[in-house]
Structure formats: structure tokens, C-alpha cells
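Now for the letters of each chain:
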Amino acid sequence: DARVTQTPRHKVTEMGQEVTMRCQPILGHNTVFWYRQTMMQGLELLAYFRNRAPLDDSGMPKDRFSAEMPDATLATLKIQPSEPRDSAVYFCASGLARLATNTDTQYFGPGTRLTVL
Amino acid sequence: QKEVEQNSGPLSVPEGAIASLNCTYSDRGSQSFFWYRQYSGKSPELIMFIYSNGDKEDGRFTAQLNKASQYVSLLIRDSQPSDSATYLCAATTGGFKTIFGAGTRLFVKA
């Protein structure tokens, strides 16, 4: 049963602290996405990778957020320093980009619920 | 700003009825379109994708795409209370960048 896994599932931290969220994409998938979801903004794309290379991180506040893929089985999203406005659910999704049909079905992980006090 | 627009709802339908969910997109370069279902407190799960004009059917679900009108819809036949959820429409460009709509909340009354 192939699934995207994310850790931690819940994180409560204080303003100014560093937060690292991890994602293990489905084996064989070549694209990884990071989203943030809040009631006010909905689901926002922060960054995405294909074959571990960052393709677009324009949705991410560059001064405090960073996303990396150290290897094909691990993607990380880091916030330093964290702020209360970063409180949200952060989803990782992975997919297999099919150039022939321009489809890229994404499979979401369970999310990390972040609360910054 | 490329956008995907959905009516936030809630849309309420009786059990057994057809639920019709609509979505418009602003980027004419969008090539693939997705419908995801999200239950409260859960992650989005894919229902269907469509990339050609016309209808695509999968069980009780039918996705419809009209690129000229930049319009995507999802029909749910024989709606069940278990279909009650938020439905997210998404559009992807050739670069695989995906924009999600805010979602439509659907309630199916037993």
C-alpha cells in the first residue's frame, strides 16, 4: 500500500523556533509538492520538485522558508524563524509526471499540523 | 495572478440526487484538471482528472471540461451522505504547477 508519509503529524512550537517537516514520497514518483492549507487562504502551493530539482518555489516566503530534497526518498520543508502566521496544515504530495499526457496526479500525505505560539 | 474559482457553498442536496460542482480557471495555458475530495481533518484525495474537452465518467462521477469557456465541472450521481465533503478543483499548467480552488462544501442530506 504505497502512501506518502509525513512527520511529524503535529507540531507545537514557540515563535522564533526552527521547524523542520519531512516527507517520504511514494517510491518511483518523480515530483514532490509542498502545500500549506489554512481556512483563510485554502490550499497554497509553496514549492515543487521534479527529479529532486526545485522547479518553482515562488509561493514560499524566501526569507524564512526553505525546501530541499536530499535524496529521492526524502523532502524537507524548514521554517526558520517560525511565526504565529505560519500556523497551518502543511501537506506534501508526490506524483509521477507523464509528459505524454501532461497529467500529474498528486497523492497527498496526511499533513503536518503546525501551531506556532 | 492565475486563479481557479469555485463557489464555496455549502451546496446541499438530498440523498440520491445529482450534485453539480463547478469551477472556472483563468489561465488558458492550463492543460490538466483535477477534482479532489477532502473530508474534514483529512488530506485531499483524487477523484478524477480530465485533460480533453468533453465528459469523462468513472462510476457515479462525471467530469466535464470546456476549454473554450474555461470551465470544469463534476457531477455526482446518486449522492450519498458519505459524499459530504469539500471538493477541490485544480488546474495544472504544462510545467506541472498546480493551482487549487478554495473548494466547495457539499452536504448530502439523508
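Because the structure is predicted, anything quoted here is derived from the model rather than measured.

**Structural notes on the pairing of strand β6 (residues 54-58) of chain B**
Residue and element names in this part refer to chain B. As defined by bridge partners, β6 adjoins strand β7 (residues 61-66) across 5 bridges and the pair is classed as antiparallel. Looking at the pairing, Asp55 lines up with Gln64 of β7. The hairpin turn running from β6 into β7, its antiparallel successor, is 2 residues long, and Gly59 in that turn takes a positive phi close to 65 degrees.

**Some points on the interface of chain A and chain B**
Between chain A and chain B, the contact holds 23 residues from the first and 17 residues from the second. Taken together, the two surfaces of chain A and chain B that pack against each other cover about 1,700 Å², and 57% of this comes from carbon and sulfur. Viewed at the interface, chain B and chain A are joined by 0 salt bridges. Linking chain A to chain B there are 4 residue pairs in polar contact (both at pLDDT 80 or more). Of all elements in the fold, only β4 (31-38), β5 (42-50), β6 (53-56) and β10 (106-108) of chain A reach the threshold of two or more residues within the side of chain A that touches chain B. The greatest single-element share of the side of chain A that touches chain B, amounting to 4 residues, is contributed by β5(A). Partitioned by chemical class, the residues of the side of chain A that touches chain B number 11 nonpolar, 8 polar and 4 charged.

**Description of unusual backbone geometry**
Glycine aside, negative phi is the norm for most residues, and most peptide bonds take the trans geometry. Gln80(A) connects to Pro81(A) through a cis peptide bond whose omega is -5 degrees. Structurally, the position occupied by Pro81(A) is in the loop between β8 (74-79) and β9 (88-95). Backbone torsion omega between Gly9(B) and Pro10(B) reads 10 degrees, so that peptide bond is classified as cis. You will see that Gln70(B), though not glycine, has its phi angle at about 55 degrees, which is positive. Among the structural elements, Gln70(B) can be located in the loop between β7 and β8 (71-76).

**Topic: the state of the cysteines**
Simply put, disulfide is the name for a covalent bond between the sulfur atoms of two cysteines. Applying the stated rule across the entire model yields 2 disulfides over all chains. Bridging Cys23(A) to Cys92(A), the disulfide has an S-S length of 1.9 Å. Here the S-S torsion is close to -60 degrees, and the disulfide linking Cys23(A) with Cys92(A) is therefore left-handed. Here the residue Cys23(A) occupies a position in strand β3 (residues 19-24), and Cys92(A) occupies one in strand β9, the gap between them amounting to 69 residues. Here Cys23(A) and Cys92(A) have matching classes, each one buried. Note on cysteine connectivity: Cys23(B) is disulfide-linked to Cys89(B), with sulfurs 2.1 Å apart. On the sign convention where negative means left-handed, the S-S torsion of about -70 degrees between Cys23(B) and Cys89(B) marks this disulfide as left-handed. A residue pair is termed long-range when its members are at least 10 positions apart, and Cys23(B) in strand β3 (residues 19-25) and Cys89(B) in strand β9 (residues 85-92) qualify at 66 residues. Accessibility expressed as a relative area gives 1% for Cys23(B), which makes it buried.

**With respect to the layout of surface pockets**
Approximately 280 Å³ is the volume attributed to the second largest pocket. Surrounding the second largest pocket, 13 residues form its lining, Arg3(A), Val4(A), Tyr107(A), Phe108(A) and Ser43(B) being those nearest its centre. Among the elements of the structure, β10 of chain A together with β5 (45-50) of chain B are those that each provide at least two residues to the lining of the second largest pocket. When residues of the lining of the second largest pocket are assigned to their parent elements, the largest contribution, 3 residues, is made by β10(A). Across the lining of the second largest pocket, the residue classes tally to 8 nonpolar, 3 polar and 2 charged.

**Considerations on the packing of aromatic side chains**
Enumeration over the complete set of coordinates arrives at 12 aromatic pairs over all chains. Look at Tyr25(B) and Phe33(B): their rings are 4.5 Å apart centre to centre, the planes differ by 40 degrees, and that puts the pair in the tilted class. For the residue pair Tyr25(B) and Phe33(B), the accessibility class agrees, reading buried in each case. Aromatic side chains Phe49(B) and Tyr51(B) sit 6.1 Å apart centroid to centroid with 10 degrees between the ring planes, which places their arrangement in the stacked category. Overall, the relative accessible area of 22% leaves Phe49(B) in the partly exposed class. Residue class for Tyr51(B) comes out partly exposed when judged on its relative accessible area of 32%. Taken together, Phe33(A), Tyr35(A), Tyr48(A), Phe91(A), Phe108(A), Phe34(B), Tyr36(B), Phe49(B), Tyr51(B) and Phe100(B) form an aromatic cluster joined through their ring pairs. Taking NZ or CZ as reference, Lys56(B) lies 3.8 Å from the ring centre of Phe49(B), over its face. Here the basic side chain of Arg60(B) rests over the ring of Phe61(B), its NZ or CZ set 5.5 Å away from the ring centre.

Basis of the calculations
Residues numbered from 1 in each chain as written. Chains lettered and ligands numbered in written order. Predicted model: local features only at pLDDT ≥ 70, side-chain atom pairs only at ≥ 80, totals over all residues. Heavy atoms only, no water. Pairing = 2+ DSSP bridges. Helix = DSSP H or I, 4+ residues; strand = E, 2+ residues; numbered from the N terminus. Contact = heavy atoms within 4.5 Å. Buried area = accessible area lost by both parts, 1.4 Å probe. Salt bridge = Lys/Arg side-chain N within 4 Å of Asp/Glu carboxyl O. Polar contact = N/O pair within 3.5 Å; in protein donor to acceptor, adjacent residues only side chain to side chain. Nonpolar A, V, L, I, M, F, W, Y, C, P; charged D, E, K, R; others polar. Disulfide = S-S within 2.5 Å. Buried < 20%, exposed > 50% of the residue type's maximum accessible area, 1.4 Å probe, protein only. 1 Å grid on protein atoms, 1.4 Å probe; cavity = no way out; pocket = protein on both sides within 12 Å on 5 of 7 lines; lining within 4 Å. Points joined across faces, edges and corners; volume = space filled by probe spheres on them. Phe/Tyr/Trp six-rings, centres within 6.5 Å; stacked < 30°, edge-to-face > 60°. Lys NZ or Arg CZ within 6 Å of the ring centre and 35° of its normal.

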